[in-house]
Amino acid sequence: MAVSDHVDLNQFMEGVKKRNPGQTEFVQAVQEVAQDIFEFIDDKEEYHEAQILRRIAEPDRVVSFRVCWEDDNHNIRVQRGWRVQNNNAIGPYKGGIRFHPTVTESVLKFLAFEQTFKNSLTGLPMGGGKGGSNFNPRGKSDSEVMRFCQSFMNELFRHIGPDTDVPAGDIGVGAREIGYMFGQYKRITNRWEGVLTGKALEYGGSQMRPEATGYGAVYFLRNMLQHNDEDIEGKAALISGSGNVAVHAAEKFTEMGGKVLTLSDSDGVIHDPDGIGQEKIDWVKELKFEKRGRIKEYAEEFSGAEYHEGAEPWDFEADVALPCATQNEISEDEARKLVDNGVKAVAEGANMPTTIDGVEVFRDAKLLYGPGKAANAGGVAVSGLEMSQNADRISWNTEKLATMLEDIMGDIHEKTVEYGTEGDYVNYVKGANIAGFKKVADAMLAFGVV
Ligand code: NDP
Ligand code: 2IT
């Protein structure tokens, strides 16, 4: 059917830019999705008429609030907190909380928008949301982090609930912060309920949740390789970051017979030509999660490894790359470096780690490229399973959850292949965008104009 009376992609993006001034990350995330969706809905009048994409790209609501707390020197500190509830067509809002000085409304809106498509891809009933604060946990004492988390929850509790919005962790928010926030929610509301995921096992957490994002990204990578008659065995990987996602990606990649060459943080990268095997990964886990140290200490501990201050992993030769740190860590130049250095597959543990120009480089080079909304969906998928366990007041064992995670990542891979195959190339970006969009869009059509 002719759609000439509808806005085209350029007009649509002009509108998005105009309505979201200065929100570059959000505009970037919408742009990445819009080009594929416009192609998909070209002959589907009902999606145009109902303005579905425009509605998904307008968050249901953005709550912003003041967070006051007292540091150890009795100074009063003021931070800004947000919860972006993007879309709850297919389930309660669901998505992590990020504490990092780079957090802005634009960053959280991009993450909540991406989360809507990602959560749809998991096949579980979860809408998309994201929250956070510009609070910097680096260098803060446990008591300071606790006071901040409590103050943050003093406002957030009004906006969340097990059937409304279920936050979890993200950058700067791990088991410690979830514990403090859950404790405060329970104290304020006098309710024990599955309002947060990523909880510790003692109070309703799920087996496999800490591992799920990193393991899931490696399953997705393996699935892409196998679709091309290749495997992880014997391959070398560049991994960025050294947090939750990075270390668990390293662990699963190693277990599958690969060799991890790098890990990083925002100060620099370590390169270990001997490979970062399981014992070294265990050492990094303790360094990062207990001692809260920096990755440069790795090179002081393990001879043979080198630390490069201010550098990133993309300068080294390898077969595959798993960006697991943050958004826009791979620019066009860095994408080119990866291709020149022999990388054949990229699976994104982080959210939107590659710029739009970088994605173009991967596509042109016909790389196997698994975008974050598909490749890192394992984390939120196991969060969804944590919600199910909490609702039923049961706990499943590790084996069951490991199988469910692997199966979900397999299903996501299949869906992305179904919608992304272009001749002999699988455009996983397109596959993920369309498959993620379709379920949310069809639910929204069913609701009419709301
Ligand atoms: P962590 O806080 O555990 O680790 C983050 C890592 O990334 C740290 O090594 C950190 O280094 C590095 N990093 C953060 N910001 C920057 C920056 N601006 N520049 C360079 N390095 C940076 O977070 P996660 O491992 O949980 O999250 C990593 C990525 O994975 C994020 O993009 C997140 O959105 C995504 N993700 C996380 C999921 C989860 O379940 N946790 C699920 C799906 C996606 P430093 O200490 O120097 O800041
Ligand atoms: O980006 C993500 O998918 C997450 N940070 C995890 C969200 C969740 O609700 O588990």
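Here the structure is shown first, and the text comes after it.
The notes below deal with the structure included here. (Residues numbered from 1 in each chain as written. Chains lettered and ligands numbered in written order. Predicted model: local features only at pLDDT ≥ 70, side-chain atom pairs only at ≥ 80, totals over all residues. Heavy atoms only, no water.)

What follows is about the packing of helix α15 (residues 378-392) against helix α16 (residues 398-420). The relative placement of two packed helices is expressed as an angle between their axes plus a distance between the axes. Between α15 and α16, the shortest axis-to-axis distance is 10 Å and the interhelical angle comes to 130°. It follows that α15 is oblique to α16 by the angle criterion. Considering how the two elements wind past one another, α15 and α16 form a crossing that is right-handed. Between α15 and α16, the residues in contact are G378, A381, V382, L385 and Q389 and L401, M404, L405, I408 and M409, respectively. Across the contact of α15 with α16, the residue classes break down as eight nonpolar, two polar and no charged. (Axes fitted to C-alpha atoms, helices over the stretch in contact; angles between N-to-C directions. Helix = DSSP H or I, 4+ residues; strand = E, 2+ residues; numbered from the N terminus. Parallel < 35°, antiparallel > 145°, perpendicular 65-115°, else oblique. Left-handed = near helix turned anticlockwise from the far one by under 90°. Contact = heavy atoms within 4.5 Å. Nonpolar A, V, L, I, M, F, W, Y, C, P; charged D, E, K, R; others polar.)

Next up on the list: the site of ligand 2. As a structural note, the neighbourhood of ligand 2 is formed by 14 residues, with K94, K118, K130, D170 and S383 the closest of them. Between ligand 2 and the protein, one listed contact pairs an oxygen atom with a side-chain N or O atom of N351 at 3.0 Å. One nitrogen or oxygen atom from the side chain of S383 is found 2.5 Å from an oxygen atom belonging to ligand 2. Coverage of ligand 2 by the protein amounts to 94% of the 300 Å² it exposes when considered alone. (Near = heavy atom within 4 Å. Polar contact = N/O pair within 3.5 Å; in protein donor to acceptor, adjacent residues only side chain to side chain. Areas by Shrake-Rupley, 256 points an atom, 1.4 Å probe, with all protein chains shown as cover.)

Every one of the 24 residues lining ligand 1 counts as a neighbour, but D170, T213, S266, R294 and N351 are closest to it. The backbone of G172 places a nitrogen or oxygen atom 2.9 Å from an oxygen atom of ligand 1. Taking S266, its side chain carries an N or O atom lying 2.4 Å from an oxygen atom of ligand 1. Burial of ligand 1 by the surrounding chains reaches 83%, relative to a free accessible area of 880 Å². Every element with two or more residues in the shell around ligand 1 is listed here: α8 (209-227), α9 (244-255) and β7 (259-265). Of the residues assigned to the shell around ligand 1, the class counts are five nonpolar, 13 polar and six charged.

Across all of its chains, the model carries 22 aromatic pairs by this definition. Ring plane angle 90° and centroid distance 5.9 Å describe the contact between F99 and F135, whose orientation is recorded as edge-to-face. Of the two residues, F99 is situated in strand β3 (residues 93-99) and F135 in the loop between β4 (127-133) and α6 (142-156); the sequence distance between them amounts to 36 residues. F99 gets classed as buried once you look at its relative accessible area, which sits at 1%. With a relative accessible area of 1%, F135 lands in the buried category. Aromatic rings pair up to connect F65, W69, F99, F135, F148 and F152 into one cluster. Looking at K109, its charged tip hangs above the ring of F26, at a distance of 4.6 Å from the centre. In this structure, K252 is placed above the aromatic ring of Y215, and the distance from its NZ or CZ to the ring centre is 4.6 Å. (Phe/Tyr/Trp six-rings, centres within 6.5 Å; stacked < 30°, edge-to-face > 60°. Buried < 20%, exposed > 50% of the residue type's maximum accessible area, 1.4 Å probe, protein only. Lys NZ or Arg CZ within 6 Å of the ring centre and 35° of its normal.)

Turning next to the nonpolar core. Counting residues in hydrophobic clusters, the biggest one holds 58 residues, and the most contacted among them are L221, I239, F253 and L322. Residues contacting F253, with those up to four places away along its chain left out, are V218, L221, I232, K235, A236, A237, G258, K259, V260, V320 and L322. Core analysis: the next-biggest nonpolar cluster, separate from the first, contains 37 residues, I41, I56, I90 and L108 among them. (Core = buried A, V, L, I, M, F, W, Y, C linked by side-chain atoms within 4.5 Å.)

On inspection of all chains with the given rule, the structure shows 29 salt bridges. Close ionic contact of R138 with D267 constitutes a salt bridge, the shortest N to O distance being 3.0 Å. Residue R138 is found in the loop between β4 and α6, and its partner D267 is found in the loop between β7 and β8 (268-271); the two are separated by 129 residues along the sequence. Relative accessible area serves as the criterion here: at 47%, R138 is assigned to the partly exposed category. Overall, the relative accessible area of 24% leaves D267 in the partly exposed class. Between R158 and E155 there is a salt bridge, with its nearest N and O atoms 3.1 Å apart. Here R158 falls in the exposed class, since its relative accessible area comes to 52%. In the salt-bridge network here, residues are joined through shared partners; they are R138, D265, D267, K288 and R294. (Salt bridge = Lys/Arg side-chain N within 4 Å of Asp/Glu carboxyl O.)

A rise of 1.5 Å per residue sets the reference length of α15, with its 15 residues, at 21 Å; its end C-alpha atoms lie 21 Å apart and thus fit the reference within 8%. Buried residues in α15 make contact with β3, α5 (105-121), β5 (165-168), α8 and α16. Remark: R393 follows α15 within two positions and exhibits a positive phi of approximately 55°. (Expected span 1.5 Å × (residues − 1).)

What follows concerns helix α2 (residues 24-40). A rise of 1.5 Å per residue sets the reference length of α2, with its 17 residues, at 24 Å; its end C-alpha atoms lie 25 Å apart and thus fit the reference within 8%. Largest kink in α2: about 30°, centred on A34. Of all the 17 residues making up α2, 13 are buried; the element is thus mostly covered by neighbouring parts of the structure. (Bend = angle between axes of the 7 residues up to and from the residue.)

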